[in-house]
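Here is how the chains run, residue by residue.
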Amino acid sequence: MKISQRVAGVEYAIRDIALEARKLQKQGKNITYLNIGDPLQYGFQPPDRVKEAFIKAIRDGQNYYASSEGLPELRQAIAKKEAKKSLRVLEDDILVTNGVSEGLEMIMASIVETGDEVLIPGPYYPPYASYVRLFGGKPIEFLVDLHSSTPDLGDIRSKITEKTVAICLISPNNPTGVVFSEKSLKDLVDLANEHDLYIICDEIYDQIVFDEKFTGIGKVSGDSPVILLNGFSKVHLMSGWRVGYIAFNQSKRLELLRENVPKLSRVRIATNLPVQYAALESLNGPQDYVSNFVSDLKKRRDYTIKRLNEMNGISCSNPKGAFYAFPKIEHNKYGSDKEFVTELLKETGILTVHGSGFGTKYGTGHFRMVFLPDIPILQGALDKIEKFVA
């Protein structure tokens, strides 16, 4: 029986590549998983008070359908958080979702029709392209300088057509760790306004920055049609609980989206209610654990990038945020980057992700690895990678 062409074109390289690793693991091979950006799989945990808030909500009987838009107290807390980053939002501008991915799907379903084009930073997080394609659109990669963390405005301008409907920004970026400066964000917002485009900005890693202060899109958005995506998986260490949100900037050009996107939230009923109480506690309670988390990551980042750049045939830009390295394969005797990571897996048991899974135009010739494990595990993995490429 047939399936739709739309779903046949959906890919998610980060998890797709893990299928090969599981086969090897069943055969007895020891696998070091460096493919998924999930801090909780590498020893990090949310604070006990957040866990207790989740448990207490369940014990207190908060086990029914929540409001489709989200728990009011949580929406208020999210609005307060984003307002501190200068985004013009109130409680009614927030929709709580089952992770950022669901929020992204809702937005793409609401703005993309057959033949529409959406500009996404190359390399990009795979669901951006997949959801654009799912709704009949075409993802268009634009160039970002990985060393200076600067988008190429000339390249973007040359790719805007009458079919373009939106520009997507991911800062800090997955897979590259690029963090856009205030000037870069302002340039991108101005360019989008010039062509009457939606601006979709993903700030899921907003507090995981290492070298410079993070600037949110709200600082430069004014009354532009900015749609912010964020959540609790990364900074708040709640990945498996799946809670995120959409925040609409107070722009008159977003009125139709404000009216219609909530229809999708009602169709899918609601986000898990006990988890929303945990998210509320995570926002309202002490935040000192975040700085400790980021401090640990910075040490692991510094070690990983130093080691990669000491290897023959490998070079790597320095990620300014998130927890990914995106090395370039300078000399690849295996052919494609996918063949490189497949052979690396078979020979060493180290699982990474091929760069072309993050976009063929700018991701090809790279691979992505997380630097979430503690340094002894990273050392063992990097020793094997160095021997493999030697």
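Residues numbered from 1 in each chain as written. Predicted model: local features only at pLDDT ≥ 70, side-chain atom pairs only at ≥ 80, totals over all residues. Heavy atoms only, no water.

An unreviewed UniProt entry lists the chain under the name Aminotransferase, with Candidatus Nitrosotalea okcheonensis given as the organism. Of the comments in the UniProt record for the chain, the one headed Sequence similarities (unreviewed entry) reads "Belongs to the class-I pyridoxal-phosphate-dependent aminotransferase family." (UniProt positions renumbered as here; feature names shortened; annotations may be inferred.)

Trainee: Could you clarify how one ought to interpret the state of the cysteines in this entry?
Mentor: Cysteine pairs can be covalently joined through their sulfur atoms, and such a bond is termed a disulfide. Taken as a whole, this structure holds zero disulfides when the rule is applied. Free cysteine Cys 201: the closest other cysteine sulfur is in Cys 168, separated by 9.5 Å. On the accessibility criterion, Cys 201 (1% relative accessible area) is buried. (Disulfide = S-S within 2.5 Å. Buried < 20%, exposed > 50% of the residue type's maximum accessible area, 1.4 Å probe, protein only.)

Trainee: Help me out: how do you make sense of the sheet that holds strand β4 (residues 138-145) in this one?
Mentor: Neighbouring strands of a sheet are bound in pairs by backbone hydrogen bonds; such pairs are parallel or else antiparallel. Taken together, the eight strands give an open sheet; going across it, the order is β2-β9-β8-β7-β6-β3-β4-β5, and neighbouring strands pair in mixed fashion. Each of the sheet's edge strands pairs with one partner strand only, and the pair in question is β2 (94-97) and β5 (150-151). Looking at chain direction, strand β7 (residues 198-202) and strand β8 (residues 226-231) are connected through four bridges and run parallel. Residue pairing across strands places Ile 200 opposite Ile 227, the latter belonging to β8. (Pairing = 2+ DSSP bridges. Helix = DSSP H or I, 4+ residues; strand = E, 2+ residues; numbered from the N terminus.)

Trainee: Is there a simple way to explain empty space enclosed by the protein in this structure?
Mentor: Rolled over the atoms, a probe with the dimensions of a water molecule shows which regions are left empty. Summed over the entire model, instances satisfying the criterion amount to one cavity of 30 Å³ or more. Estimates place the volume of the largest cavity at around 40 Å³. Lining the largest cavity, in full, are Pro 121, Gly 122, Pro 123, Val 144, Leu 146, Asn 173, Thr 176, Val 178 and Phe 180. (1 Å grid on protein atoms, 1.4 Å probe; cavity = no way out; pocket = protein on both sides within 12 Å on 5 of 7 lines; lining within 4 Å. Points joined across faces, edges and corners; volume = space filled by probe spheres on them.)

Trainee: Quick question: what am I supposed to make of the UniProt feature "domain: Aminotransferase class I/classII large" (unreviewed entry) in the chain here?
Mentor: Taken from the UniProt record, the annotation "domain: Aminotransferase class I/classII large" (unreviewed entry) applies to residues 30-371. A helix fraction of 38% and a strand fraction of 17% characterise residues 30-371, whose end C-alpha atoms lie 19 Å from each other.

Trainee: What is the right way to look at the environment of Pro 72 in this model?
Mentor: Considering the arrangement of structural elements, one finds Pro 72 in helix α5 (residues 72-84). Sequence spacing of Pro 72 and Lys 56 is 16 residues, and the spatial spacing of their C-alpha atoms is 18 Å.

Trainee: I would appreciate a short explanation of the pattern of salt bridges in the present structure.
Mentor: Proximity of charged atoms lets side chains of opposite charge pair with each other. For the structure on display, the rule yields 23 salt bridges. With a shortest N-O distance of 3.0 Å, Glu 281 and Arg 49 are connected by a salt bridge. Here the residue Glu 281 occupies a position in helix α12 (residues 273-284), and Arg 49 occupies one in helix α4 (residues 48-59), the gap between them amounting to 232 residues. The salt bridge partner of Lys 56 is Asp 60, with a shortest N-O separation of 2.6 Å. Where salt bridges share partners, they join Lys 81, Glu 82, Lys 85, Glu 203 and Asp 206 into one cluster. (Salt bridge = Lys/Arg side-chain N within 4 Å of Asp/Glu carboxyl O.)

Trainee: How should I be thinking about the pairing of β7 in this particular structure?
Mentor: Where a strand is regular, its side chains alternate between the two sheet faces. Among the five residues that make up β7, four are buried, leaving the element largely enclosed by the rest of the structure. Relative to β7, strand β6 (residues 164-170) is paired through five bridges, and the arrangement is parallel. Opposite Cys 168, over in β7, you have Ile 200 as the bridge partner. In this view, the connection linking β6 to its parallel neighbour β7 by way of helix α9 (residues 182-194) has right-handed handedness. (Right-handed = clockwise from strand over helix to strand, strands pointing away.)

Trainee: I'm lost on unusual backbone geometry in this one. Help?
Mentor: Across residues other than glycine, the phi torsion is negative in most instances, and most of the peptide bonds are trans. Omega for the peptide link from Gly 122 to Pro 123 comes to -5 degrees, which places this bond in the cis form. By secondary structure assignment, the location of Pro 123 is in the loop between β3 (117-122) and α7 (126-134). Each neighbour pair has its own omega, and for Ser 171 with Pro 172 the value is -5 degrees, a cis peptide bond. As for its position among the elements, Pro 172 is in the loop between β6 and α9. If you check the backbone angles, Ser 86 has positive phi at about 80 degrees while not being a glycine. Along the polypeptide, Ser 86 turns up in the loop between α5 and β2. Even without a glycine there, the phi angle at Ala 322 is positive, about 65 degrees. For Ala 322, the location among the structural elements is in the loop between β10 (314-315) and β11 (324-325).

Trainee: Sorry if this is basic, but what is going on with the nonpolar core here?
Mentor: Soluble, globular proteins show a tendency: their nonpolar side chains are buried together. By size, the foremost hydrophobic cluster in this structure holds 126 residues, and its most contacted members are Met 108 and Ile 217. Element by element, the count of residues in this core is highest for helix α13 (residues 288-309), at eight residues. Each of domain 1 (5-45 + 288-389) and domain 2 (64-284) gives at least three residues to this core. Discounting chain neighbours no more than four positions away, the residues touching Ile 217 are Leu 87, Leu 169, Leu 185, Val 189, Cys 201, Glu 203, Val 226 and Leu 228. (Core = buried A, V, L, I, M, F, W, Y, C linked by side-chain atoms within 4.5 Å. Domains from an automatic or database assignment. Contact = heavy atoms within 4.5 Å.)

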